[in-house]
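Chain by chain, the residues run as shown.
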Amino acid sequence: MRVEFLGGVRTVTGSATLLENGSLKWLVDCGMFQGGKELEERNWNVRPYHPEELSFIFLTHAHIDHSGLIPKLVKEGFHGKVICTRATRELCEVMLKDSAHIQEMEAEWQNRKSKRAGGDEADPLYTIKDADKSLKYFQTIGYDEVLQVKDGVKVRFQDAGHILGSAIIEIWIEEEGREKKLVFSGDLGNSDQPIVRDPSLINEGDVLWLESTYGNRLHKSREETVQELLEIIQEALRDQAKVIIPAFAVERTQDIIYTIGQLVRNGLIPSVPVYIDSPLAISATEIFKRNSDCFDEETKSVLLGGENPLELPEIIYTQSTEESKAINEDTRPGIIISASGMCDSGRIQHHLKHHLWRESSHIVIIGYQAEGTIGRRMVDGAKTIRLFGEEIAVKAHIHTLGGFSAHADQKGLLEWLSHFDNPRLEVFVNHGEEKVSMGLGERIRQQFHFKTAIPQWREKRILFSPEKEMIPERVAPEQVTPEEGIEEILAPGGTLSTLFRHLDRNYKRLRRKLKRERSKGKELSDSRWLRQLEEINERLEKLESEL
Ligand SMILES: [Zn+2]
Ligand SMILES: [Zn+2]
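Throughout, a residue's number is its position along its own chain's written sequence, starting from 1. Key to labels: chains lettered from A, ligands numbered from 1, both in the order written. In view of the model being predicted, local features appear only for residues whose pLDDT reaches at least 70, and side-chain atom pairs are presented and counted only at 80 or more, with totals across whole chains, interfaces and linings using the full set of residues. For side-chain calculations, the full set of non-hydrogen atoms in the structure is used, while hydrogens and water are omitted.

## Looking at the overall build of the protein chain
Line of reasoning, step 1. A tally of helices and strands in the protein chain yields 16 helices and 25 strands.
Line of reasoning, step 2. All radius of gyration figures rest on C-alpha atoms, and the globule criterion is 2.2 Å times the number of residues raised to 0.38. The globule rule puts the C-alpha radius of gyration for 547 residues at 24 Å, and the 24 Å found for the protein chain is close to it.
Line of reasoning, step 3. Along the three orthogonal principal directions, the C-alpha set of the protein chain runs to about 80 × 60 × 45 Å.
Line of reasoning, step 4. We call a residue buried when its accessible area falls under 20% of the maximum for its residue type, exposed when it is over 50%, and partly exposed in between, using a 1.4 Å probe and counting protein chains only. Residue burial in the protein chain is summarised as follows: out of 547 residues, 54% are buried.
Line of reasoning, step 5. Across the protein chain, contacts joining residues at least 24 apart in sequence account for 73% of those joining residues at least 6 apart.
Line of reasoning, step 6. Computed over 73 positive and 89 negative side-chain charges, the separation of the two mean positions in the protein chain equals 6 Å. Secondary structure elements follow DSSP: runs of H or I no shorter than four residues count as helices, runs of E no shorter than two count as strands, and numbering proceeds from the N terminus. Two residues form a contact once any of their heavy atoms are found within 4.5 Å. Positive charges come from Lys and Arg, negative ones from Asp and Glu, while His and the chain ends are left out of the count. To locate a charge, take NZ of a lysine, CZ of an arginine, CG of an aspartate or CD of a glutamate.

Below, the structure is given as structure tokens:
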């Protein structure tokens, strides 16, 4: 069985693993890379995913860092099945279209700039039409149901307790007459989380892909976190100020609605205006209400008691841009929940522009903030933030409340892992920043003595072949160095090793120059650049595969 790590390794975004057994190729997750141009450039070349040859995509959950490249793959020839739970499909319907809308807007903005500079027109990564088309490939599966997808491949989805519809995926494959089991943790939920159930426990497996978003951290308890939020809201009410909560449209927003509802139901705060300023969050909340069978017991009991856990006395949903703008005219104290969760796009940026500079405002960070995002810069204590071409001073209170996380912390991950009873389990630690994944890998080796690896992007491995087990077949492209003994081969203009040296040098020089130009603020016509680099990359890959 061959494996290629196409994303979500040594970073939290772009989750994708290519699996190949005999002539069958499939993916687990197909996420978009987010957090800075260098990473996002990877979204443009999906050739390594072999879209037209894939039979399936098993999708753990709807978050864009797991599902966001599906429309791109469909655009490039994918015509297999996307297998996921019903709630994941429903959420993808709104999330992929929303993502496509962002892609279209970005291309439009780039093109306006490019036109002024006399450059070429660029296409969006994918369009709303592409996203729509991709939905017809979705096929749903119930939790705990074993599905034989092909001869020698079975799959089962179990609740991962991360967001509505999220799953841990178990895959059984036939390998030289023996059955082997692969387990993908997906994003593992936090057992303190409201609405969704706790992650299912898995006992058996030969190889595990384990997420590590918070592999180096311990969350505060939910109780403490709710107390902190309560104090922030009380202070804001006293100062007639606003609380701004950047939140992922799916799950975080609903958790916060649920939590504020609890505070109001328990008489701890008076009813305050709560704006849900994100069309995506509004649609997602509707989907949550439709899928109450996925709720945990506590949330179901609120429902049974005749209260809607996702309603508040003064909740204001703002669909249109005009309604969104009107929020800033409301001088009453209140709470604004808006997306995107990492503040890199969306309406939240307008609210930050209005509130970051106000000393009385509170910004409450409740979700993971990837490196390179505006949210991360606020958490790291930036003095100013650039928004819409303007430097905004950061004077507001910035709070980080880890206990609202939809991810298990280090303790949660290790506890979940402790249920595996195979001492020969092999673990790939993924979905985490490099040093975090490495740290967790080390911890796992010490505590459980499992064989552990932190794969590189584009690394390929062979599984279940005794002599090749867990040995990387090829290191990441950046690490390729001319091999010993290659000198003898003559290439035009010198030896092959000289040629390799020149290639390496020119590539590095190009990257340095590109970085320098960008840091000087010079805008490069990115689409043309990207296309040319993509061509070079494709030619290199083709050459390599011919060897
Ligand atoms: Zn997720
Ligand atoms: Zn994720």
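## Observations regarding the coordination of the zinc ion (ligand 2)
Line of reasoning, step 1. Donor atoms (N, O, S) are those found within 2.8 Å of the metal centre, with the cutoff raised to 3.2 Å for Na, K and Ca; water is not part of the atom list, so apparent gaps in a site can occur. Around the zinc ion (ligand 2), the protein contributes the donor atoms Asp65 (OD), His66 (NE2), Asp187 (OD) and His431 (NE2), which lie 2.1 to 2.3 Å from the metal centre.
Line of reasoning, step 2. The coordination sphere of the zinc ion (ligand 2) comprises four donor atoms, whose angles at the metal cover 90 to 163 degrees; the geometry is irregular.
Line of reasoning, step 3. For the zinc ion (ligand 2), all donor residues lie on one chain, and their spacing in sequence is D-H-x120-D-x243-H.
Line of reasoning, step 4. The metal-metal distance between the zinc ion (ligand 2) and the zinc ion (ligand 1) comes to 3.3 Å, with Asp187 coordinating both. Here Asp65 is found in helix H2 (residues 64–67), whereas its partner His431 is found in the loop between strand S20 (426–430) and helix H14 (434–448), with 366 residues between them in sequence. Between 85 and 135 degrees for all angles marks four donors as tetrahedral; over 155 degrees for opposite donors together with 65 to 115 for all other angles marks four donors as square planar and six as octahedral; every other arrangement is irregular.

## Side note on the coordination of the zinc ion (ligand 1)
Line of reasoning, step 1. Distances from the zinc ion (ligand 1) to its protein donors, His61 (NE2), His63 (ND1), His162 (NE2) and Asp187 (OD), fall at 2.2 to 2.3 Å.
Line of reasoning, step 2. In primary-sequence terms, the residues that donate to the zinc ion (ligand 1) follow H-x1-H-x98-H-x24-D.

## Focus: unusual backbone geometry
Line of reasoning, step 1. Look at the link from Ala339 to Ser340: it is a cis peptide, with omega at 5 degrees.
Line of reasoning, step 2. With respect to the helices and strands, the residue Ser340 is situated in the loop between strand S15 (334–338) and helix H11 (348–355).
Line of reasoning, step 3. Phi is positive for Ile195, close to 70 degrees, though the residue is something other than glycine.
Line of reasoning, step 4. You can see Ile195 is positioned in the loop between strand S10 (178–184) and strand S11 (207–211).

## Some remarks on the pattern of salt bridges
Line of reasoning, step 1. One side-chain nitrogen of Lys or Arg within 4 Å of one carboxyl oxygen of Asp or Glu is enough to make a salt bridge. Going through the model one piece at a time under the given rule, you end up with 33 salt bridges.
Line of reasoning, step 2. Lys181 is the salt-bridge partner of Glu170, the closest N and O atoms lying 2.7 Å from each other. Separated by 11 residues along the polypeptide, Glu170 in strand S9 (residues 167–175) and Lys181 in strand S10 bring together distant segments of the chain.
Line of reasoning, step 3. The class of Lys181 is buried, set by a relative accessible area of 6%.
Line of reasoning, step 4. Put simply, Arg2, Glu20, Lys25 and Glu53 are held in one network by salt bridges that share partners.

## Notes on H14
One full turn of an α-helix is made of 3.6 residues, so residues set three or four places apart face in the same direction.
Line of reasoning, step 1. In this model H14 runs 21 Å from its N-terminal to its C-terminal C-alpha over 15 residues, within 8% of the 21 Å that 1.5 Å per residue would give.
Line of reasoning, step 2. Turning to H14, its buried residues are Val436, Ser437, Leu440, Gly441, Ile444 and Phe448. Down the axis of H14, the buried side of the element spans an arc of 135 degrees, and every buried residue falls inside it. Across from the buried face of H14, at angles greater than 90 degrees, the exposed residues are Lys435 and Gln446. For a helix, the expected span equals 1.5 Å multiplied by the number of residues minus one. Here the arc refers to the set of directions running from the helix axis out to each C-beta atom.

## With respect to the pairing of strand S4 (residues 54–58)
The two faces of a sheet get side chains in turn, since along a regular strand they alternate between them.
Line of reasoning, step 1. With five of five residues buried, S4 lies mostly within the body of the structure.
Line of reasoning, step 2. Note on pairing: DSSP must find at least two bridges between two strands before they are called paired. Taken together, the four bridges between strand S3 (residues 24–28) and S4 define a ladder with parallel strand orientation. Each bridged residue has a counterpart across the sheet, and for Lys25 the counterpart in S4 is Leu54.
Line of reasoning, step 3. In this structure, S4 lies alongside strand S5 (residues 81–84), joined through three bridges in parallel fashion. Pairing of Phe58 across the sheet is with Ile83, part of S5.

## Some points on the sheet that holds S20
Strand pairing in a sheet is mediated by backbone hydrogen bonds. Such pairs are either parallel or antiparallel.
Line of reasoning, step 1. Taking strand neighbours across the sheet as the criterion, the seven strands line up as S7-S8-S9-S10-S11-S20-S21 in an open arrangement whose pairing is mixed. Because the sheet does not close on itself, it has two edges, and the strands there are strand S7 (146–150) and strand S21 (451–453). Each strand of the sheet is rotated relative to its neighbour by a mean of 20 degrees, with strand direction disregarded.
Line of reasoning, step 2. The sheet contact formed by S11 and S20 spans five bridges and is parallel. Within the sheet, the bridge partner assigned to Glu211 lies in S20 and is Asn430.
Line of reasoning, step 3. Along the sheet, helix H13 (residues 410–417) makes contact with S9, S10 and S11, crossing S11 at roughly 165 degrees.
Line of reasoning, step 4. Along the sheet, H14 contacts S11, S20 and S21; its crossing angle with S20, the most-contacted strand, is approximately 155 degrees. All axes here are fitted lines through C-alpha atoms, helices being fitted over the stretch that makes contact, and every angle between N-to-C directions spans 0 to 180 degrees.

## Observations concerning a positive patch on the surface
Line of reasoning, step 1. Excluding any residue in a salt bridge, patches collect residues exceeding 30% relative accessible area, merging like charges within 9 Å and nonpolar Val, Leu, Ile, Met, Phe, Trp and Tyr side chains within 5 Å. Using a 1.4 Å probe, accessible areas were evaluated by the Shrake-Rupley method; residue-level cover was limited to the displayed protein chains. Side chains of Arg501, Arg505, Lys508, Arg509, Arg512, Lys513 and Arg516 sit close together on the surface and give a patch of like positive charge.
Line of reasoning, step 2. For Arg516, the location among the structural elements is in helix H15 (residues 496–519).

## Examining the confidence of the model for the protein chain
Line of reasoning, step 1. pLDDT is defined as a per-residue confidence score from the predictor, taking values between 0 and 100. Overall, the prediction assigns the protein chain a mean pLDDT of 90, with 93% of residues at 70 or greater.
Line of reasoning, step 2. In this model, residues 468–493 is a region of pLDDT below 50 whose contacts with residues beyond four sequence positions or in other chains number 41 contacts.

## A few points about the packing of aromatic side chains
Line of reasoning, step 1. Two aromatic rings from Phe, Tyr or Trp, using only the six-membered ring of Trp, form a pair when their centres are within 6.5 Å; if the ring planes differ by under 30 degrees the pair is stacked, by over 60 it is edge-to-face, and anything between is tilted. Scanning all chains against the criterion turns up 10 aromatic pairs.
Line of reasoning, step 2. Consider the rings of Phe5 and Trp209, whose centres lie 6.4 Å apart with planes at 35 degrees: the pair is tilted. Pair noted here: Phe5 is in strand S1 (residues 2–7) and Trp209 is in strand S11, with a separation of 204 residues, a long-range link. Trp209 matches Phe5 in its accessibility class, with the two residues each being buried.
Line of reasoning, step 3. Geometrically, the ring pair formed by Phe78 and Tyr137 is edge-to-face, given 6.0 Å between the ring centres and 65 degrees between the ring planes. Highlighted residues: Phe78 in the loop between helix H3 (70–75) and S5 and Tyr137 in the loop between helix H5 (128–135) and strand S6 (138–140), separated in sequence by 59 residues. Per residue, the accessibility class of Phe78 equals that of Tyr137, and both read buried.
Line of reasoning, step 4. Here, a charge over a ring means that NZ of Lys or CZ of Arg falls within 6 Å of the ring centre while also lying within 35 degrees of the ring normal. Positioned above the aromatic ring of Tyr258, the side-chain terminus of Arg265 is 5.9 Å from the ring centre.

## Details of a nonpolar patch on the surface
Line of reasoning, step 1. Where nonpolar side chains cluster on the molecular surface, the patch consists of Ile536, Leu540 and Leu543 and spans about 290 Å² of accessible area.
Line of reasoning, step 2. Structurally, Leu543 can be placed in helix H16 (residues 526–546).
Line of reasoning, step 3. Relative accessible area serves as the criterion here: at 54%, Leu543 is assigned to the exposed category.

## Quick look at a negative patch on the surface
Line of reasoning, step 1. Taken together, the side chains of Asp192, Asp198, Glu223 and Glu224 make up a negatively charged region of the molecular surface.
Line of reasoning, step 2. Assignment of secondary structure puts Asp192 in the loop between S10 and S11.
Line of reasoning, step 3. Overall, Asp192 belongs to the partly exposed group, its relative accessible area being 38%.

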